[in-house]
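Fold and contact review
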Amino acid sequence: MSELISPWVRRFAPLIPGGEVLDLACGTGRHARHLVGLGHLVVAVDQNADSLLAAAGDGIVTSQIDLEAEDAVWPFGPGRFAGIVVTNYLHRPLIADMLASLAPNGVLLYETFSEGNGQFGKPSNPDYLLAPGELLEWAARHALRVIAFEDGMVETPKPALVQRICAVKPDFPRVAALLPAF
């Protein structure tokens, strides 16, 4: 995958209020570095030690955790993070605990592959593909307010079907959701 910042993350990361941000399944840290550049301290989590070596840097605390291990438990407490950023990763057993880790005014930026992506390559396993409207269902189930949602095809960095959401906890001020002009 390209080291380019996801346009979705680039667009909505400025909405994250001051505080610590979780970059879940951070890979080599492209988003962690971007978030540090916006003034956040970042906890970068991945199961791959080599990726975490590349992700390490000022303002970034790396943590090697295999959240898909049979006995894995969510390692972070409720209300800890001002923002959570997840791209190209899906492990449904984490969702409720992950969303509970958002601060009362926290921002969720989530972007990953959706059903039908197999026509473009991997991932093609349904366990790793979002069902139609699944991110919207998460938001409704966990009392998040949706700032933006997209569901469709992207051409870069490679053709893929994706869903994206920017959603906030109830204490996020409506006037803080400054949307860019088109």
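The coordinates are above.
Source: prediction; values computed, not measured.

Moving on, we get to the overall build of the protein. When you go through the protein residue by residue, the secondary structure sums to 5 helices and 7 strands. Moving toward the C terminus, one meets the helices and strands of the protein in the order α-β-α-β-α-β-β-α-β-α-β-β. Expected size for 182 residues packed as a compact globule is a radius of gyration near 16 Å; at 15 Å, the protein falls within 12% of this value. Over its C-alpha atoms, taken along the principal directions, the protein stretches across nearly 40 × 35 × 35 Å. By sequence separation, contacts in the protein at least 24 residues apart represent 56% of the contacts at least 6 residues apart. Summed over its atoms, the accessible surface of the protein is roughly 8,900 Å², and 55% of this surface lies on carbon and sulfur atoms. Between the mean site of the 13 positive side-chain charges and the mean site of the 20 negative ones, the protein shows a separation of 8 Å.

What follows covers a negative patch on the surface. Taken together, the side chains of Asp 66, Glu 68, Glu 70 and Asp 71 present a region of like negative charge at the surface. The residue Glu 70 is located in the loop between strand S3 (60-64) and strand S4 (81-87) in this model. Residue Glu 70 is classed as exposed on the basis of its relative accessible area of 86%.

Turning our attention to the sheet that holds strand S2 (residues 42-46). Spatially, S3-S2-S1-S4-S5-S7-S6 is the arrangement adopted by the 7 strands of the open sheet, whose pairing is mixed. Of all the strands in the sheet, the pair left with one neighbour each is S3 and strand S6 (145-154). Each adjacent strand pair in this sheet contributes to an overall mean axis angle of 15°, direction not counted. In this sheet, strand S5 (residues 102-113) lies alongside S4 in parallel orientation, the contact comprising 6 bridges. Note on S5: the bridge partner recorded for Val 85 is Leu 109. Of the strands in this sheet, S5, S6 and strand S7 (160-168) are in contact with helix H5 (residues 134-141), which crosses S7 at around 20°.

As a further point, take the pairing of S2. Burial runs high along S2: 5 of the 5 residues are buried. Judged by which residues are buried, S2 turns out to be covered on both faces: Val 42, Ala 44 and Asp 46 on one side and Val 43 and Val 45 on the other are all buried. On the question of chirality, the crossover connecting strand S1 (residues 21-24) to the parallel S2 by way of helix H2 (residues 30-37) is right-handed. The pairing of S2 with S3 spans 5 bridges and is parallel. Along S3, the bridge assignment pairs Val 43 with Val 61. On the question of chirality, the crossover connecting S2 to the parallel S3 by way of helix H3 (residues 49-55) is right-handed.

Definitions and cut-offs
- Residues numbered from 1 in each chain as written.
- Predicted model: local features only at pLDDT ≥ 70, side-chain atom pairs only at ≥ 80, totals over all residues.
- Heavy atoms only, no water.
- Helix = DSSP H or I, 4+ residues; strand = E, 2+ residues; numbered from the N terminus.
- Rg over C-alpha atoms; globule rule 2.2 N^0.38 Å.
- Contact = heavy atoms within 4.5 Å.
- Areas by Shrake-Rupley, 256 points an atom, 1.4 Å probe, with all protein chains shown as cover.
- Lys, Arg positive; Asp, Glu negative; His and termini not counted.
- Charge placed at Lys NZ, Arg CZ, Asp CG, Glu CD.
- Patch = residues over 30% accessible without salt bridge, like charges linked within 9 Å, V, L, I, M, F, W, Y side chains within 5 Å.
- Salt bridge = Lys/Arg side-chain N within 4 Å of Asp/Glu carboxyl O.
- Buried < 20%, exposed > 50% of the residue type's maximum accessible area, 1.4 Å probe, protein only.
- Pairing = 2+ DSSP bridges.
- Axes fitted to C-alpha atoms, helices over the stretch in contact; angles between N-to-C directions.
- Right-handed = clockwise from strand over helix to strand, strands pointing away.

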